[in-house]
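Residue-level structure breakdown
Residues per chain, in single letters:
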Amino acid sequence: VDPTFESAWAAREHAFTDYMKTTLASGGWKWLPNLGAMITSRDPSDWSNVDGAMIEGFAEWGGGSYFDTSDWVLQMNRILPLSSAGKILIAQTYPNEADVGERMFVLGSYLLVKGSRFYVNLDTGLDPEWFPEYAIFLGRAVDPLPATIAGLYDETRSVYTRRYLHGRVYVNPGTTSRTGKPCWGGRGAR
């Protein structure tokens, strides 16, 4: 790890984004780069100047391969400022389509950090997909987006939670089972 190189690279990314936004704006386009999973802890990149982004590898690696809890927290904390700023965001991952718990974990993670222009895509192939959870109607978020994901942590249940007009989202990014009513989907939820 070379912190000087990392810092210089991040500054070039920021300058390139300024250039791309200016160039694309003249044609009415938006700059939405693929930022990957955003879980490299040494990465000092500042993406505050993007119009939006795709977060590929959202909430997990895909196919039942979950992030360590610390990486999940890092990703959520890096997404929150973008979501709070109203950036156009696409959360994309590649779940096992038969694994309802995995799909619900991704959806729950998305709903925790969802802003006004944030979308989720559970991609399982070249054909269009539709999952029953896409039809869950929770209404608007009641709880505002916090500065960090810690602001959504429920000490009583040891899960992250966010209230919506017609329901509540619970997410357990850890491997220890949590019980309670209701608490479903994800790695350690039962």
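Everything here concerns the structure above.
Residues numbered from 1 in each chain as written. Predicted model: local features only at pLDDT ≥ 70, side-chain atom pairs only at ≥ 80, totals over all residues. Heavy atoms only, no water.

**Let's talk about the sheet that holds strand 1 (residues 52-56)**
An order of 1-4-5 is seen for the three strands of this open sheet, with the pairing classed as parallel. The open sheet is flanked by strand 1 and strand 5 (118-122), the only strands paired with a single partner. Taking each pair of neighbouring strands and ignoring which way they run, the sheet shows an average axis angle of 15°. Pairing geometry for strand 4 (residues 88-93) and strand 5, over five bridges, is parallel. In the strand pairing of strand 5, Thr93 is matched with Leu122. Along the sheet, helix 2 (residues 69-84) makes contact with strand 1, strand 4 and strand 5, crossing strand 4 at roughly 150°. Sitting on the sheet, helix 3 (residues 100-113) is in contact with strand 4 and strand 5, with an inclination near 170° to strand 5. (Pairing = 2+ DSSP bridges. Helix = DSSP H or I, 4+ residues; strand = E, 2+ residues; numbered from the N terminus. Axes fitted to C-alpha atoms, helices over the stretch in contact; angles between N-to-C directions. Contact = heavy atoms within 4.5 Å.)

**Some details on the layout of surface pockets**
Rolled over the atoms, a probe with the dimensions of a water molecule shows which regions are left empty. Reported here for the second largest pocket is a volume of approximately 280 Å³. Taken together, the residues that form the lining of the second largest pocket break down as eight nonpolar, four polar and three charged. (1 Å grid on protein atoms, 1.4 Å probe; cavity = no way out; pocket = protein on both sides within 12 Å on 5 of 7 lines; lining within 4 Å. Points joined across faces, edges and corners; volume = space filled by probe spheres on them. Nonpolar A, V, L, I, M, F, W, Y, C, P; charged D, E, K, R; others polar.)

**Digging into the environment of Asn172**
Note that Asn172 resides in the segment after strand 8 (167-171). Residues Asn172 and Tyr153 lie 19 residues apart in sequence; the distance between their C-alpha atoms is 9.8 Å. Among the polar contacts made by the side chain of Asn172, one reaches the main-chain amide nitrogen of Gly174 at a distance of 3.0 Å. Of note is the side chain of Asn172, whose polar atom sits 2.9 Å from the backbone oxygen of Thr176. (Polar contact = N/O pair within 3.5 Å; in protein donor to acceptor, adjacent residues only side chain to side chain.)

**Topic: helix 2**
Between its first and last C-alpha, helix 2 extends 22 Å over 16 residues, near the 22 Å set by a 1.5 Å rise per residue. Residues of helix 2 that are buried in the fold lie against strand 1, strand 4, helix 3, strand 5, strand 7 (159-164) and strand 8. Backbone geometry just downstream of helix 2 places Gly86 in the positive-phi region, at approximately 75°. (Expected span 1.5 Å × (residues − 1).)

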